[in-house]
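So the chains spell out like this:
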Amino acid sequence: MATIKDVALAAKVSVATVSRVLNETGYVHEDTRARVLKAMEELNYHPNEVARSLYKRESRLIGLLLPDITNPFFPQLARGVEDEIHRLGFRLIFGNSDENLEKELDYMQTFKQNHVVGVISATNYPDAPNYQDLSMPIVFLDRTGENAPAVFADSREGGRIAAAEMIKRNAKRITLIKGPAHLQTARDRFNGALDVLSGADIDFHVMKTETFSFPEAQKRAAELFGTYPETDGVIASNDIVATAVLHEALKRKIKVPDELQIIGFDDIPQSELLFPSLSTIRQPAYEMGKEAAKLLLRLMKNEYIEQSAVQMPVAFIERQTTRKAE
């Protein structure tokens, strides 16, 4: 890996001259600047962002904290964030908390040590003490909390839509799978569906999950058919849970959607690739990531924020795990 000394040697200048070019300080003749930049390109030299931020007292680093990178929904959020901040010359430091508060606290400390100028967090613990009185701006993504601005989808409306679509398709014995109780977004999805199911002439049951992880989704899917074997419709807490239910149903030779209908939540890319493909409630994940980045950058500039809670619309995506509406 090339160093600043290698660049100076290749350009036949001093290290101090290379430093002035990198940090845009002091006078450097245009011919000399051109030689330095050419040497950097030929050597594939990239300056240390943390060192530069310390020297210039100005960082171009932003921290992004996600709860579970194995969940395909979160890379969509991350791509939206990264595309927007990269366009404006910023870079990401990424942390994966594994839904673990202690690990999350470690990453927050790492962000501080690397002098990030802002944080975007899809935390499972938005009201934790580490988010109070921060010395840097923060935006919650796909989460809501009392301590910071937030970008999130209309989860309650998504729950209502899922329940209404299931009823329109003549499901009579529905199992509603509730996501982690400590997440506001999961509670909103559940309560939205509950609003509709409670007012309809429908038999329904509720199953609870503690996390959105793959292993728990598989476990709950197996329990579902043992506990409620007459279920003919499942409203899942997210697409991972819906995928596990679909897989378990096919193992048991249950015909989908003729005998069992399934609706997920998120519309991760894999949902369309399943067979049968998954009907789901779409959250605009990429757009949410971009909006969170825009909001954070406005906070960093101390601009006036008229709307600190940005709620984005959801939509039903009809595929092959639901029948045609009657």
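Computed from a prediction, not measured in an experiment: that's the story for all the values here.

**Student:** I keep staring at helix H5 (residues 73–87) and nothing clicks. Help me out?
**Tutor:** Along an α-helix, residues three or four apart share an orientation, since each turn contains 3.6 residues. Between its first and last C-alpha, H5 extends 22 Å over 15 residues, near the 21 Å set by a 1.5 Å rise per residue. If you follow the buried residues of H5, they end up packed against strand S1 (61–66), strand S2 (91–96), strand S3 (119–121), strand S4 (138–141), strand S9 (261–266) and helix H11 (285–300).

**Student:** Quick question: what am I supposed to make of empty space enclosed by the protein here?
**Tutor:** Once rolled over the atoms, a probe with the size of a water molecule shows which space is left empty. By the definition in use, this model includes 2 cavities of 30 Å³ or more. Approximately 100 Å³ is the volume found for the largest cavity. For the largest cavity, the lining is made up of 16 residues, of which Arg189, Phe190, Ile235, Ala236 and Ser237 are closest to its centre. Those elements that place two or more of their residues in the lining of the largest cavity are helix H7 (155–168), strand S6 (173–178), helix H8 (184–198) and S9. With 4 residues, the top contributor of residues to the lining of the largest cavity is H8. The residue makeup of the lining of the largest cavity, split by class, is 10 nonpolar, 4 polar and 2 charged. Size it by volume and the second largest cavity reaches roughly 50 Å³. In this structure, the second largest cavity is lined by Asn71, Phe73, Phe74, Asp142, Arg143, Arg189, Phe212, Asn238 and Asp266. Broken down by class, the residue content of the lining of the second largest cavity amounts to 3 nonpolar, 2 polar and 4 charged.

**Student:** Whenever I open this one, the nonpolar core confuses me. Can you help?
**Tutor:** A general trend in soluble globular proteins is that nonpolar side chains are found buried together. Formed by 45 residues in total, the largest nonpolar core has its most connected members in Ile120, Leu141, Val151, Ile235 and Ile281. Counting residues per element, this core draws most heavily on H11, which supplies 8 residues. Two domains share this core, each providing at least three of its residues, namely domain 2 (61–153 + 286–312) and domain 3 (155–283). Once residues lying within four places of it in the same chain are set aside, the contact partners of isoleucine 281 are Gly158, Ile161, Ala162, Ile263, Gly264, Phe265, Asp266, Asp267, Val314, Ala315 and Phe316.

**Student:** How should I be thinking about the environment of glutamine 109 in this particular structure?
**Tutor:** Checked against the element boundaries, glutamine 109 lands in helix H6 (residues 101–113). You can call glutamine 109 partly exposed: its relative accessible area is 40%. Remark: the alpha-carbon pair of glutamine 109 and threonine 70, spanning 39 residues in sequence, is separated by 23 Å.

**Student:** Can you walk me through the packing of aromatic side chains in this structure?
**Tutor:** Aromatic ring pairs are reported here in terms of the distance separating the ring centres and the angle at which the planes meet. The final tally for this structure, using the stated rule, is 2 aromatic pairs. Consider the rings of phenylalanine 73 and phenylalanine 74, whose centres lie 5.5 Å apart with planes at 70°: the pair is edge-to-face. The two residues phenylalanine 73 and phenylalanine 74 agree in class, both being buried. A ring pair is formed by tyrosine 107 and phenylalanine 111, whose centres lie 6.4 Å apart and whose planes are at 35°; its orientation type is tilted. Here tyrosine 107 and its partner phenylalanine 111 are both found in helix H6, 4 residues apart, which amounts to about one turn of the helix. Tyrosine 107 gets classed as partly exposed once you look at its relative accessible area, which sits at 25%. A relative accessible area of 0% places phenylalanine 111 in the buried class. Over the ring of phenylalanine 90 we find arginine 60; its NZ or CZ atom is 3.9 Å from the centre of that ring. Across the ring face of phenylalanine 190, the terminal group of lysine 178 is positioned such that the distance to the ring centre comes to 4.8 Å.

**Student:** Looking at this structure, I do not really get the sheet that holds S9. What am I missing?
**Tutor:** In sheet architecture, strand pairing relies on hydrogen bonds along the backbone and comes in two forms, parallel and antiparallel. Taken together, 6 strands build an open sheet; the order of strands is S7-S6-S8-S9-S10-S12 and the sheet is mixed. Strands with a single pairing partner mark the edges of an open sheet, and in this sheet they are strand S7 (203–208) and strand S12 (315–317). Averaged over all adjacent pairs, the angle separating strand axes in this sheet is 20°, with direction ignored. In this sheet, strand S8 (residues 233–235) lies alongside S6 in parallel orientation, the contact comprising 3 bridges. By the bridge assignment for S8, isoleucine 174 is matched with glycine 233.

**Student:** For this particular structure, what's the right way to read the packing of helix H9 (residues 214–227) against helix H10 (residues 239–251)?
**Tutor:** Helices that pack against each other are described as a pair by the angle of their axes relative to one another and the distance between those axes. Following both chains from N to C, one finds H9 and H10 inclined at 45°, their axes separated by 8 Å at the closest point. When the axis of H9 is compared with that of H10, the two are oblique. Between H9 and H10 lies a crossing whose hand is right-handed. Of the residues in H10, those touching H9 at Phe214, Ala217, Gln218, Ala221, Ala222, Leu224 and Phe225 are Ile240, Val241, Ala244, Val245, Glu248 and Ala249. Looking at the contact of H9 with H10 residue by residue, the class counts come to 11 nonpolar, 1 polar and 1 charged.

**Student:** It is not clear to me how the environment of serine 271 should be interpreted in this structure. Could you clarify?
**Tutor:** Within the fold, serine 271 resides in the loop between S9 and strand S10 (279–282). Along the backbone, serine 271 and phenylalanine 214 are 57 residues apart, and their C-alpha atoms lie at a distance of 14 Å.

**Student:** Which parts of the structure should I look at to understand the pattern of salt bridges?
**Tutor:** Note on pairing: side chains with opposite charge can pair once their charged atoms come close. All chains considered together, the criterion is met by 22 salt bridges. Glutamate 165 is the salt-bridge partner of arginine 169, the closest N and O atoms lying 2.4 Å from each other. Comparing arginine 169 with glutamate 165 shows no difference in burial state: the two are buried. Among the ionic pairs, arginine 173 bridges to aspartate 232, the shortest N-O distance being 4.0 Å. Linking arginine 173 in strand S6 with aspartate 232 in the loop between H9 and S8, this pair joins segments that are 59 residues apart in sequence. Overlapping salt bridges bring together Glu165, Lys168, Arg169, Glu318 and Lys324 as one network.

Rules behind the numbers
- Residues numbered from 1 in each chain as written.
- Predicted model: local features only at pLDDT ≥ 70, side-chain atom pairs only at ≥ 80, totals over all residues.
- Heavy atoms only, no water.
- Helix = DSSP H or I, 4+ residues; strand = E, 2+ residues; numbered from the N terminus.
- Expected span 1.5 Å × (residues − 1).
- Contact = heavy atoms within 4.5 Å.
- 1 Å grid on protein atoms, 1.4 Å probe; cavity = no way out; pocket = protein on both sides within 12 Å on 5 of 7 lines; lining within 4 Å.
- Points joined across faces, edges and corners; volume = space filled by probe spheres on them.
- Nonpolar A, V, L, I, M, F, W, Y, C, P; charged D, E, K, R; others polar.
- Core = buried A, V, L, I, M, F, W, Y, C linked by side-chain atoms within 4.5 Å.
- Buried < 20%, exposed > 50% of the residue type's maximum accessible area, 1.4 Å probe, protein only.
- Domains from an automatic or database assignment.
- Phe/Tyr/Trp six-rings, centres within 6.5 Å; stacked < 30°, edge-to-face > 60°.
- Lys NZ or Arg CZ within 6 Å of the ring centre and 35° of its normal.
- Pairing = 2+ DSSP bridges.
- Axes fitted to C-alpha atoms, helices over the stretch in contact; angles between N-to-C directions.
- Parallel < 35°, antiparallel > 145°, perpendicular 65-115°, else oblique.
- Left-handed = near helix turned anticlockwise from the far one by under 90°.
- Salt bridge = Lys/Arg side-chain N within 4 Å of Asp/Glu carboxyl O.

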